[in-house]
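Geometric and topological summary
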Amino acid sequence: MGQIAVSLEMSSAVAMEATRRRQRLSSNGGASETTEEPAGQWGRAWEVDWFSLSAVILLLCTAPFLVFFFVMVCDQYQCSVSQPLVELYSGEATLRSIWDKAPSFTWTAAQIYTVWVSFQLVLYMCVPDVTHKFLPGYAGGVQDGARTPAGLINKYEINGLQSWLITHALWYANAQYFHWFSPTIIFDNWIPLLWCTNILGYAVSTFAFVKAYLFPTNAEDCKFTGNVFYNYMMGIEFNPRIGKWFDFKLFFNGRPGIVAWTLINLSYAAKQQELYGYVTNSMILVNVLQAIYVLDFFWNEAWYLKTIDICHDHFGWYLGWGDCVWLPFLYTLQGLYLVYNPVQLSTAHAAAVLLLGLVGYYVFRFTNHQKDLFRRTEGKCSVWGKKPTFIECAYRSGDGGLHHSKLMTSGFWGVARHLNYTGDLMGSLAYCAACGFGHIHPYFYIVYMTILLVHRCVRDEHRCSSKYGKDWKRYTDAVPYRLLPGIF
Ligand code: NDP
């Protein structure tokens, strides 16, 4: 035990020394002018304030129970969030009786989950992308990530769309022709699967934590705050990998997490069909709107390499457990709710939900697209029919290199600083509104997404401010609002 502690500390010291030296240039030989001036410190925090620490500990202690609660209330209380609380208060139920009634771990669920994760692993590691060869406009195959704080540029094999297509083709073939398993298999094992996803989520986060001390992939991009809870939750390694291609962030976020999202929804729709003999228009709306979002993710997987998850967040419990447990269980609450409460919407209600979802998606997609186009062409493009306006910025990477970047001030990025989040929130509200107004259960998602994206906005701006300094101030003066012009 003592030996491990010493070894962990020594590894940490080695990593920090390596960080201090900051001699490493881009892994692909990318040019970075090495200077004598102090290096940039714009990645994740090195110091943890008491507020962040309290939030981290609170989340570590409550998040797994929150997920259990939202799934359990459907299983035992028809998705009523208040009923179990009332029963607990009146003494009709106890925490123990609720826990005892919930299905437990089963070996069947363990087998299903093992096959599922292994299958996704094989698709990710062993089937190089071919879809980019025949799908015009799709960027798959080997792609570059963004420059890390230490100045590295990682390479990724982008084959998520292909994995999604193969998985869903097999799902369809099974449902229509082979009948190896019931299309309700996911719903039928939902709570036992929660146990399995937790086991993987904790195993991966703990492995990543220990790996960061013992054999980090890029020591220069590790961050040790000195607080074990913060390190465990927010991660130490920036882009942990095994071998050249197994990237923890890309694999765990995309698959098994996001590939599963649409399959889970299909399983819910199949369950409605089995229970009631029909599928409601609300279930179809949820399936369609969320499938658009998922397909958008995979179509733009190369773009995802430039988002905060990959460019800023370190890999810890937040991403590891979050991708394995939080995402598949809480992002799919609407479909689960509709299995227990088969809401049939009026035409006007359904049309309003569809419109909100599509407008939200449009704002989300085109805001992201404008930035991507702008950055790829270094501003030599057309946005809303005009040459984009921008602010020139300079920043330093951890290796001391001086780099230049541009912040766009026109198109959606001139209206507000994060209109992509606003569009995402509109879409999220549409999923919830598709469930009608009978219970607050399906609305948890919009509450969560609002907290997530507002917090993300604040932390991204904090990072951009330390990265770009006075240039960021010029940008925020030019575009004063974050999410809603004139309000926030
Ligand atoms: P963004 O794609 O908005 O990326 C922010 C980064 O973009 C900044 O750090 C900065 O990076 C750069 N940037 C900021 N302003 C400008 C500008 N004016 N011009 C050019 N570049 C700029 O954020 P995310 O990565 O968080 O989100 C990507 C998408 O994913 C969003 O649409 C979001 O809604 C969605 N998302 C969905 C989640 C979900 O759970 N459903 C979770 C998180 C995100 P740089 O350092 O390069 O300058």
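Going by the structure above, here's the rest.
Below: a short report on this structure. The residue count restarts for each chain, going from 1 along the sequence in the order it is written. The predicted origin of the model limits local features to residues at a pLDDT of at least 70 and limits the giving and counting of side-chain atom pairs to 80 or more, whereas totals for whole chains, interfaces and linings rest on all residues. Excluded from the side-chain calculation are hydrogens and water; included are all heavy atoms of the structure.

Glancing now at the site of the ligand. Taken together, 26 residues lie near the ligand, and Tyr331, Tyr421, Arg456, Asp460 and Tyr468 sit nearest. Taking Asn368, its side chain carries an N or O atom lying 2.9 Å from an oxygen atom of the ligand. Two N or O atoms count as a polar contact when they lie within 3.5 Å, although within protein this holds only if one can serve as hydrogen donor and the other as acceptor, and sequence-adjacent residues are included solely when both atoms are side-chain atoms. Note that a nitrogen atom of the ligand is positioned 2.9 Å from one of the backbone N or O atoms of Met408. Strands are runs of DSSP state E lasting at least two residues, helices are runs of H or I lasting at least four, and both sets are numbered from the N terminus onward. At the level of secondary structure, the elements contributing two or more residues to the shell around the ligand comprise helix 17 (347–376), strand 6 (402–408), helix 19 (419–433) and helix 20 (444–468). Top element by residues in the shell around the ligand is helix 20. It accounts for 8 residues. A per-class count over the shell around the ligand returns 14 nonpolar, 4 polar and 8 charged. Any residue with at least one heavy atom within 4 Å of a molecule or strand is counted as near it. For this classification, Asp, Glu, Lys and Arg are treated as charged, while Ala, Val, Leu, Ile, Met, Phe, Trp, Tyr, Cys and Pro are nonpolar and the rest, including Gly, are polar.

A 1.4 Å probe that fits into a set of points on a 1 Å grid over the protein atoms alone but cannot get out defines a cavity; an open set with protein on both sides within 12 Å along at least five of seven lines defines a pocket, and lining residues are those with an atom within 4 Å of a point. Grid points are joined across faces, edges and corners, and a volume is the space filled by probe spheres set on the points. Evaluated as defined, the whole model comprises 4 cavities of 30 Å³ or more. If you add up the space inside the second largest cavity, you get close to 90 Å³. Along the wall of the second largest cavity there are 13 residues; nearest its centre are Tyr293, Gly357, Tyr361, Gly427 and Tyr431. Secondary structure elements with two or more residues in the lining of the second largest cavity: helix 12 (281–299), helix 17 and helix 19. Here the lining of the second largest cavity is composed, by residue class, of 7 nonpolar, 5 polar and 1 charged.

Among the nonpolar cores identified, the biggest contains 116 residues, and Trp190, Trp326 and Tyr331 are the most heavily contacted of them. Any two residues whose heavy atoms approach within 4.5 Å at even a single point are treated as in contact. When residues no more than four places from it in sequence are discounted, the contact partners of Trp190 are Val71, Ile264, Tyr268, Pro328, Phe329, Thr332 and Leu336. Judged by nonpolar contacts, the second largest core, of 18 residues, contains Val383, Cys464, Tyr468 and Trp472. In this description, a nonpolar core means a group of buried Ala, Val, Leu, Ile, Met, Phe, Trp, Tyr and Cys residues linked to one another through side-chain atoms lying within 4.5 Å. Exposure is judged per residue with a 1.4 Å probe applied to protein chains only, and the accessible area is read against the type maximum: over 50% gives exposed, under 20% gives buried, and values in between give partly exposed.

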